[in-house]
Amino acid sequence: MGGFFGGFFGYFGDAIASWGWERLWSPTPSIKIDFQAQQSCPNGKLTDIRRLFDDDRIPLTNGADQLIICDSEALITMRSQVPYDLASKYPGCLIWRGGKLIMMRKSDAVCALPERSGFVCDGPNARVFPGAGLTGIGEPVTACPLERLQRFGFASF
C-alpha cells in the first residue's frame, strides 16, 4: 500500500508542483486574441474578450460591451495588458480613459449592425486615432454599409 501511494505521489507530485510553480511564480505568459475577420468575427466580441482581462470589472462603456472587432491580424499581449493594448491597437474604435474602455461612437471605423444587434470595429481602418472628440457619448452610431458587412462575413444581414 505504501508503495502504491509513494509511486502515485512521486509521479503526480512533480507535475502538480511544476504546475503550481508556473501559476504562482512565473511571469504571465502572452496570449493571442484572434479576431477572425470572416465568419461574422465570432471571437471579436468585446464581452467575450473580457474573459481574457486580468480584471474583469473594467467598465466597457458607450457601447463597447457590444463591439465586435473585425481584423485579420491577431493581437498578442499579456492578460494584464489586454484592455490597454486593445485601445492602443484600435484607437479608432476604443479609447482608454479613467480606467474604462470607451467605444468611439462617431469614428468612421465604427458602425452599427442592423436591428440594434451591436457594433462593428473595422480593425484595419481603426489603427489611426481620429481624435478624442469622436467618442460621441449618447449619440447614435452610423449604420454599417452593406459592403463592410459583406467584407467581414456578416452574410445574414
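Preceding this paragraph is the structure being described.
So, a few notes on the structure that sits alongside this text.

How each quantity is defined
- Residues numbered from 1 in each chain as written.
- Predicted model: local features only at pLDDT ≥ 70, side-chain atom pairs only at ≥ 80, totals over all residues.
- Heavy atoms only, no water.
- Helix = DSSP H or I, 4+ residues; strand = E, 2+ residues; numbered from the N terminus.
- Contact = heavy atoms within 4.5 Å.
- Areas by Shrake-Rupley, 256 points an atom, 1.4 Å probe, with all protein chains shown as cover.
- Buried < 20%, exposed > 50% of the residue type's maximum accessible area, 1.4 Å probe, protein only.
- Disulfide = S-S within 2.5 Å.
- Salt bridge = Lys/Arg side-chain N within 4 Å of Asp/Glu carboxyl O.
- Pairing = 2+ DSSP bridges.
- Axes fitted to C-alpha atoms, helices over the stretch in contact; angles between N-to-C directions.

1. Side note on the overall build of the chain
Per the secondary structure count, the chain includes 4 helices and 8 strands. Going from the N terminus to the C terminus, the chain shows its helices and strands as α-β-α-β-β-β-α-β-β-β-β-α. Once local pairs closer than 6 in sequence are excluded, the contacts in the chain between residues at least 24 apart make up 68%. Just so you have it, the chain exposes about 9,100 Å², and 56% of that area is on carbon and sulfur atoms.

2. Looking at helix H3 (residues 82-89)
Listed in full, the buried residues belonging to H3 are Val82, Pro83, Leu86, Ala87 and Lys89. In the core, the buried residues of H3 are packed alongside strand S1 (30-33), helix H2 (46-49), strand S3 (67-70), strand S4 (75-78), strand S5 (94-97) and strand S6 (100-103).

3. Let's talk about the state of the cysteines
Two cysteines, two sulfur atoms, one covalent bond between them: this is a disulfide. Scanning the entire structure with this criterion turns up 2 disulfides. The disulfide partner of Cys111 is Cys144, and the S-S distance across this bridge is 1.9 Å. Residues Cys111 and Cys144 share a disulfide whose torsion about the S-S bond is about 85°; that sign makes it right-handed. Placement of the pair is Cys111 in strand S7 (residues 110-112) and Cys144 in the loop between strand S8 (119-122) and helix H4 (146-151), with a sequence separation of 33 residues.

4. Here's the deal with the pattern of salt bridges
For the coordinates displayed, the defined rule picks out 8 salt bridges. Residues Arg127 and Glu73 are paired through a salt bridge, measuring 3.3 Å at the closest nitrogen-oxygen approach. Of this pair, Arg127 sits in the loop between S8 and H4 while Glu73 sits in the loop between S3 and S4, and the two are 54 residues apart along the sequence. Here Asp122 and Arg148 are joined by a salt bridge, their closest N and O atoms 3.8 Å apart. Of this pair, Asp122 sits in strand S8 while Arg148 sits in helix H4, placing them 26 residues apart in sequence. Across the pair, Arg148 and Asp122 agree in class, each one buried.

5. Some remarks on the sheet that holds S6
With respect to topology, 3 strands assemble into an open sheet ordered S2-S6-S5, the strand pairing being mixed. A strand with exactly one partner marks an edge of an open sheet, and here the two such strands are strand S2 (60-61) and S5. Relative to S6, S2 runs parallel, the two being bridged by 2 bridges. Residue Leu60 lies in a different strand from S6, and its bridge partner there is Leu101. Helix-sheet contacts for H3 involve S5 and S6, and the interaxial angle to S5 is about 130°.

6. Observations regarding the pairing of S3
The two faces of S3 match: Leu67 and Ile69 on one face and Ile68 and Cys70 on the other face are all buried. Pairing of S3 with S8 involves 4 bridges; the strand directions are parallel. Across the sheet, residue Cys70 finds its bridge partner in S8, namely Asp122.

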